[in-house]
Amino acid sequence: MSRGIYQYTDLKTDEVVYVGKDSNIHRNQRHTDHTNPAKYNRQPFNRVLQNNPKRYEYGVVCEAEHYSDVYLNCLEKGLIKSLNPKFNFTDCGDGSAGYKHSSESRRKM
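What counts and what doesn't
- Per chain, residues are indexed from 1 in the order of the written sequence.
- Predicted model: local features are reported for residues with pLDDT of at least 70 only, side-chain atom pairs are reported and counted for 80 or more only, and whole-chain, interface and lining totals are derived from all residues.
- Side-chain figures throughout are based on the complete set of non-hydrogen atoms in the structure, without hydrogens or water.
- For two strands to be treated as a pair, DSSP must find at least two bridges joining them.
- Per the convention used, a helix needs a DSSP run of H or I reaching at least four residues, while a strand needs a run of E reaching at least two, with both numbered from the N terminus.
- Under this scheme, a helix contributes an axis fitted over its contacting stretch, all axes are lines through C-alpha atoms, and angles between N-to-C directions fall in the 0 to 180 degree range.
- Contacts are residue-level and defined by heavy atoms, with any inter-residue pair within 4.5 Å sufficient.
- What makes a nonpolar core is a set of buried Ala, Val, Leu, Ile, Met, Phe, Trp, Tyr and Cys residues whose side-chain atoms join them at distances within 4.5 Å.
- The classification of residues rests on relative accessible area computed with a 1.4 Å probe and restricted to protein chains. Under 20% of the type maximum is buried, over 50% is exposed, and intermediate values are partly exposed.
- A side-chain nitrogen of Lys or Arg and a carboxyl oxygen of Asp or Glu constitute a salt bridge if their distance falls within 4 Å.

Draft legend 1. Local environment of the sheet that holds strand β3 (residues 56-64). Spatial strand order, β2-β1-β3: three strands in an open sheet with antiparallel pairing. Both outer strands of the open sheet, β2 (15-22) and β3, are each paired with one neighbouring strand and no more. Within this sheet the neighbouring strands show an average axis-to-axis angle of 20 degrees, counted without direction. As paired elements, strand β1 (residues 3-10) and β2 share seven bridges and run antiparallel to each other. Within β2, the residue paired with Y6 across the bridge is G20. Each of β1, β2 and β3 is contacted by helix α3 (residues 69-83), which is oriented at about 170 degrees to β2, the strand it contacts most.

Next up, the structure:
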């Protein structure tokens, strides 16, 4: 099993719009999850991707069997921070760490 980091690029603007990690990068499991109609409402990016399948391109950034979860989390977080992809709503894929609530959400809370 090979772990890795992947990204989606907007083919119209050539910008990276999403960065994530996959525990089995060879099988593209996360790409399959993002494009699975049953998981349409799991996260906003799934809806964007499924409504515009030809606009975004999936690509593997890095892969290696020996990368630890800690290293991949750090790498993913660094890429998200440096690239600022518009569809990553947290600092990294482990839960809601770094999520920024909107003004409306804060008002409702």
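Draft legend 2. Structural detail: the nonpolar core. By size, the foremost hydrophobic cluster in this structure holds eleven residues: Y6, Y8, V17, Y18, I25, F45, V48, L49, Y56, Y58 and F87. The biggest single contributor to this core is helix α2 (residues 44-51), with three residues. Dropping the residues within four chain positions of it, Y6 is found in contact with Y18, V19, G20, K21, D22, I25, R30, H34, Y58, G59, V60 and V61. Listed in part, the seven residues of the second largest apolar core include I5, V16, C62 and L79.

Draft legend 3. Representation of the pattern of salt bridges within the structure. The tally for this structure, following the rule as stated, stands at five salt bridges. The partner of D69 in a salt bridge is R3, with the nearest N and O atoms 2.3 Å apart. One end of the pair, D69, is in helix α3; the other, R3, is in strand β1, and 66 residues separate them in sequence. D69 sits in the partly exposed class, given a relative accessible area of 47%. In this structure, the salt-bridge partner of R30 is D33, at a minimum N-O distance of 3.2 Å.

Draft legend 4. Spatial organisation of the environment of Q29. One can find Q29 in helix α1 (residues 29-35). Residue classification places Q29 among the partly exposed positions, given a relative accessible area of 30%. Setting aside residues up to four positions removed in sequence, Q29 forms contacts with D22 and N24.

Bear in mind that shape data such as this cannot, by itself, settle questions of function.
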